Amino acid sequence: MDAREDYERTVQMLGDLALYAHLIGADLDFVDAIGPALAASLPCGYLPPLPSGYDPNDGPDYPGCGWRP
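Conventions we followed
Residues numbered from 1 in each chain as written. Predicted model: local features only at pLDDT ≥ 70, side-chain atom pairs only at ≥ 80, totals over all residues. Heavy atoms only, no water. Helix = DSSP H or I, 4+ residues; strand = E, 2+ residues; numbered from the N terminus. Contact = heavy atoms within 4.5 Å. Expected span 1.5 Å × (residues − 1). Buried < 20%, exposed > 50% of the residue type's maximum accessible area, 1.4 Å probe, protein only. Polar contact = N/O pair within 3.5 Å; in protein donor to acceptor, adjacent residues only side chain to side chain. Phe/Tyr/Trp six-rings, centres within 6.5 Å; stacked < 30°, edge-to-face > 60°.

(A) Here's a closer look at the environment of A26. Topologically, A26 is positioned in the loop between α1 (3–21) and α2 (28–40). Excluding its chain neighbours within four sequence positions, the residues that come into contact with A26 are Y20 and A21.

Below, the structure written as structure tokens:
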């Protein structure tokens, strides 16, 4: 699997996790544990463009690429 496939697969899993989080009876502790881990596993170099008005100093630090979402 190349980096692009890995990125696309990880984004799909994040989307699935977001949908799961809205189901009745969803295990939100699982969502809270897995969501940040999936986001942190996104490969470097394939990040989408940041929205206008984005403030890189607002939010938590994430390991890996040295960026702050």
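Anyway, onward from the coordinates.
(B) Representation of α2 within the structure. For α2, with 13 residues, the first-to-last C-alpha span of 18 Å sits near the 18 Å given by 1.5 Å per residue. Those residues of α2 not exposed but buried are V31, G35 and L38. At its buried positions, α2 is contacted by α1. Sitting at the head of α2, D27 places a side-chain oxygen 3.1 Å from the backbone nitrogen of D29.

(C) Examining the packing of aromatic side chains more closely. Counted under the stated rule, the structure contains one aromatic pair. Taking the centre distance of 6.2 Å and the plane angle of 90° together, the rings of Y20 and F30 count as edge-to-face. Of this pair, Y20 sits in helix α1 while F30 sits in helix α2, and the two are ten residues apart along the sequence.

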